[in-house]
Amino acid sequence: MDSYALLLAATLNAGTVLALASLGLLINEKVGVVNLGAEGMMLCAAIAGFATVVHTGNDWLGFAAGMAAGAALAAIFGVLVIWLNTNQYATGLALTLFGTGFSAFVGTAYVQAKIPERASFAIPGLSDIPWVGPALFRHHPMVYLTVAFALALIWFLYRTRSGLVLRSVGENPESAHALGYPVRRIRLMAVVAGGALCGLAGAYLSIIYTPLWVEGMVAGKGWIALALTTFATWRPARVLLGAYLFGGVTMLQFHLQGIGVELPSQILTMLPYVATIVVLALISRNPQWIRINMPTSIGKPFYPGS
């Protein structure tokens, strides 16, 4: 039973990285912008956050540094695609390539670095409950903040005027512009906010999830996060559930190895990516599932006055 509690705990830990990045990308796509640069932003944020913790010993400063790195790269991306109308897909891929190379260059000095030891996190009283305590109540506060943020995003998008304006920019930017809303400015703010969340995901990866720096350590999680937005049909609650589902698939490989399942390690490593392909293929069988919540202007440039 303890092994399953540990599997659930590892699932929540792994799912937090995907949830943060996916929620950031969801905000981008809600205003009609597709950012394929999540992988690059997460890598740059991972080294920024890790280096900050190495020098300061403060996790929260590391998270702030990661968010700043992600937001800065997203701002550059936003200016290029929103004001200069460059191709969103090509610019996002360029951002990923830049982030991969830049993080590898900067991170050379931190490959052998170690961050200070931290006290274990546990919620008093609840963490001592048999099975439930180790599974749910011994996580870093960022795990619980991620759930709180997803709930706050649901409230913002569907219960506030600002959320309605943001969604209208993604659904029909021409109408939003005609009503006097600054479409480009709203899109840029959403892109920067999404980049900050991707940065937070990268920082969490290098500071908490695997507290070290290794070149390319994001290992495709940015692409899985991008697929999760489609898997969840652009709904924050489904993004959260999907992130934990894929986090569970990721950690299942280690659980199977631990209980002695005789399978080549390469096959077990493939599981998260195979699951991504299978889920997207199943969703694509019914296009109506995607069209219901998909922003109609997604991926399309906006030309004021057109």
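**Q** Would you take a moment to explain the packing of helix H2 (residues 38–56) against helix H3 (residues 59–83) for this structure?
**A** Relative placement of two packed helices is described by the angle separating their axes and the distance separating the axes. Remark: H2 packs on H3, axes separated minimally by 7 Å, with the N-to-C direction vectors making an angle of 150°. Between H2 and H3, the interaxial angle falls into the category roughly antiparallel. Judged by the sense of rotation from one axis to the other, the crossing of H2 with H3 is right-handed. Of H3, the residues touching H2 (which contributes Gly40, Met41, Cys44, Ala45, Ala48, Gly49, Thr52, Val53 and Thr56) are Asp59, Leu61, Gly62, Ala65, Gly66, Ala69, Gly70, Leu73 and Ala74. Grouping the constituent residues of the contact of H2 with H3 by class yields 10 nonpolar, 7 polar and 1 charged.

**Q** Just checking my understanding: could you explain the state of the cysteines for this structure?
**A** Counting across every chain of the model gives 0 disulfides. For Cys44, which is in no disulfide, the shortest distance to another cysteine sulfur is to Cys198 and amounts to 12 Å. The class of Cys198 is buried, set by a relative accessible area of 0%.

**Q** Even after reading the chapter, I still don't get the packing of H3 against helix H4 (residues 88–106), so can you show me in this structure?
**A** As a packed pair, H3 and H4 sit with axes 10 Å apart at the nearest point and diverge in direction by 155°. Classified by the angle their axes make, H3 and H4 are roughly antiparallel. Once H3 is placed against H4, the crossing between them reads as right-handed. Two secondary-structure elements touch here, H3 through Leu73, Phe77, Leu80 and Val81 and H4 through Gln88, Thr91, Gly92, Leu95 and Phe98. Broken down by class, the residue content of the contact of H3 with H4 amounts to 6 nonpolar, 3 polar and no charged.

**Q** What is the right way to read helix H10 (residues 221–231) from this model?
**A** For an α-helix, 3.6 residues make a turn, and residues three or four places apart therefore share a direction. In terms of burial, H10 is a largely internal element, 8 of the 11 residues being buried. Listed as buried for H10 are Lys221, Gly222, Ile224, Ala225, Leu226, Ala227, Leu228 and Thr229. Looking at the residues trailing H10, positive phi occurs at Thr233, about 50°.

**Q** When you look at the nonpolar core in this model, what are you seeing that I'm missing?
**A** Inside soluble globular proteins, nonpolar side chains tend to come together where they are buried. Core analysis: the biggest nonpolar cluster contains 80 residues, and Phe63, Tyr204 and Trp213 have the highest contact counts within it. Take this core: its biggest share by element is 15 residues, from helix H9 (residues 183–209). With near-sequence residues (within four places) excluded, Trp213 lies in contact with Leu43, Ala46, Ile47, Phe50, Ser103, Ala104, Gly107, Tyr110 and Val111.

Analysis parameters
- Think of each chain on its own: its residues are numbered from 1, step by step along the sequence as written.
- A pLDDT threshold of at least 70 governs which residues receive local features in this predicted model, and a stricter bar of 80 or more applies before side-chain atom pairs are shown or counted, although totals over entire chains, interfaces and linings include all residues.
- Excluded from the side-chain calculation are hydrogens and water; included are all heavy atoms of the structure.
- All axes are obtained by fitting lines to C-alpha atoms, using only the stretch in contact for helices, and the reported angles, taken between N-to-C directions, cover 0 to 180 degrees.
- Runs of H or I in DSSP of at least four residues are treated as helices and runs of E of at least two as strands, each being numbered from the N terminus.
- Oblique is the label for any angle not under 35 degrees, not over 145, and not in the 65 to 115 range, which are roughly parallel, roughly antiparallel and roughly perpendicular in turn.
- Two helices that cross are described as forming a left-handed crossing if the nearer one is turned anticlockwise from the farther one by less than a right angle, and a right-handed crossing if clockwise.
- The contact definition used throughout considers only heavy atoms, calling two residues in contact when any of these lie within 4.5 Å.
- Lys, Arg, Asp and Glu make up the charged group, whereas Ala, Val, Leu, Ile, Met, Phe, Trp, Tyr, Cys and Pro make up the nonpolar group; the residues left over, Gly among them, are polar.
- Only a pair of cysteine sulfur atoms within 2.5 Å qualifies as a disulfide here.
- A simple rule labels every residue: compare its accessible area, found with a 1.4 Å probe on the protein chains alone, to the largest value its type can have, and call it buried under 20%, exposed over 50%, or partly exposed in between.
- Nonpolar cores are built from buried Ala, Val, Leu, Ile, Met, Phe, Trp, Tyr and Cys residues. Side-chain atoms within 4.5 Å join them into one set.

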